[in-house]
Amino acid sequence: MSTIALSHERVKVGVLGGGAWGTALAIHCARMGHQTVVWALEKEVVQGINGPDRENKAFLRGYKVPDLLSATSSMAECLQGAELILSVIPTQFVAKTLVPISGLLDPSRHILVSCSKGIMLDSLEIVSEILTR
């Protein structure tokens, strides 16, 4: 019987999307000891996570973020040094958001995990189909 062991290695995590789901995943990563940076479009999300309240009051009120979690409105800053990238972008915006940064992603250095949910309303594509276009 094989066993799966958790790694004790800590990595930098970039989370693309500062909504409730993205913030919840980022909080979990930071609680696990990973330096985590969230990219969010909304200025109030970035300010709330980085500010004295340490909370995303816009989308995840009542949950304080750990010290290892910060937020930025710069996608390049979020990805800089990240080994693990969680894409938590609403499905309708996956292509529009990820295509412009595809040059920043290197499969030999980055693990990209799609955490987006749902389908494209116009084409009925799922996220994996959008990403392989």
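Residues numbered from 1 in each chain as written. Predicted model: local features only at pLDDT ≥ 70, side-chain atom pairs only at ≥ 80, totals over all residues. Heavy atoms only, no water.

Along its length, the protein chain carries five helices and five strands. Ordered by position from N to C terminus, the α and β elements of the protein chain give β-α-β-α-β-α-β-α-β-α. A compact globule built from 133 residues should have a C-alpha radius of gyration of about 14 Å, and the protein chain, at 15 Å, falls within 12% of that. Its C-alpha atoms give the protein chain principal-axis dimensions of roughly 45 × 40 × 30 Å. Looking at the protein chain as a whole, 42% of its 133 residues are labelled buried. Of the contacts made within the protein chain by residues no fewer than 6 positions apart, 65% connect residues no fewer than 24 positions apart. For the protein chain, the exposed surface amounts to about 8,000 Å²; the carbon and sulfur share of it is 59%. Within the protein chain, the 12 negative side-chain charges are centred at a point lying 6 Å from the centre of the 12 positive side-chain charges. (Helix = DSSP H or I, 4+ residues; strand = E, 2+ residues; numbered from the N terminus. Rg over C-alpha atoms; globule rule 2.2 N^0.38 Å. Buried < 20%, exposed > 50% of the residue type's maximum accessible area, 1.4 Å probe, protein only. Contact = heavy atoms within 4.5 Å. Areas by Shrake-Rupley, 256 points an atom, 1.4 Å probe, with all protein chains shown as cover. Lys, Arg positive; Asp, Glu negative; His and termini not counted. Charge placed at Lys NZ, Arg CZ, Asp CG, Glu CD.)

Counting 20 residues, the largest nonpolar core has Val13, Val15, Val38, Ile49, Leu69, Leu86 and Val88 as its most contacted members. Taken together, the elements giving at least two residues each to this core come down to β1 (12-16), α1 (20-31), α2 (43-50) and β3 (69-72). Ranked by residues supplied to this core, first place goes to α1 with five residues. For Val38, the residues in contact, after removing those within four places along its chain, are Val15, Gly17, Gly18, Ala26, Leu69, Ser70, Ala71, Thr72 and Cys78. The next biggest cluster of nonpolar side chains, apart from the first, holds 15 residues, and it includes Leu79, Ile85, Leu98 and Val127. (Core = buried A, V, L, I, M, F, W, Y, C linked by side-chain atoms within 4.5 Å.)

Let us now look at the pairing of strand β2 (residues 35-39). Most of β2 is tucked away, with four of its five residues classed as buried. Here β1 runs beside β2; their pairing, made up of five bridges, is parallel. Within the sheet, the bridge partner assigned to Leu16 lies in β2 and is Trp39. Crossover connection from β1 via α1 to parallel β2: handedness right-handed. (Pairing = 2+ DSSP bridges. Right-handed = clockwise from strand over helix to strand, strands pointing away.)

With that settled, the discussion passes to the state of the cysteines. The final tally for this structure, using the stated rule, is zero disulfides. Cys29 carries a free sulfur, and the closest cysteine sulfur to it, the one in Cys115, is 8.4 Å from it. No disulfide involves Cys78; its nearest neighbouring cysteine sulfur is the one of Cys29, lying 11 Å away. (Disulfide = S-S within 2.5 Å.)

Its 12 residues place the ends of α1 16 Å apart at the C-alpha level, agreeing with the 16 Å of an ideal helix rising 1.5 Å per residue. Listed as buried for α1 are Gly22, Thr23, Leu25, Ala26, Ile27, Cys29 and Ala30. Buried residues in α1 make contact with β1, β2, β3 and β4 (84-87). The positive-phi residue at the C-terminal boundary of α1 is Gly33, with phi of around 100°. (Expected span 1.5 Å × (residues − 1).)

None of this, on its own, says anything about what the molecule does.
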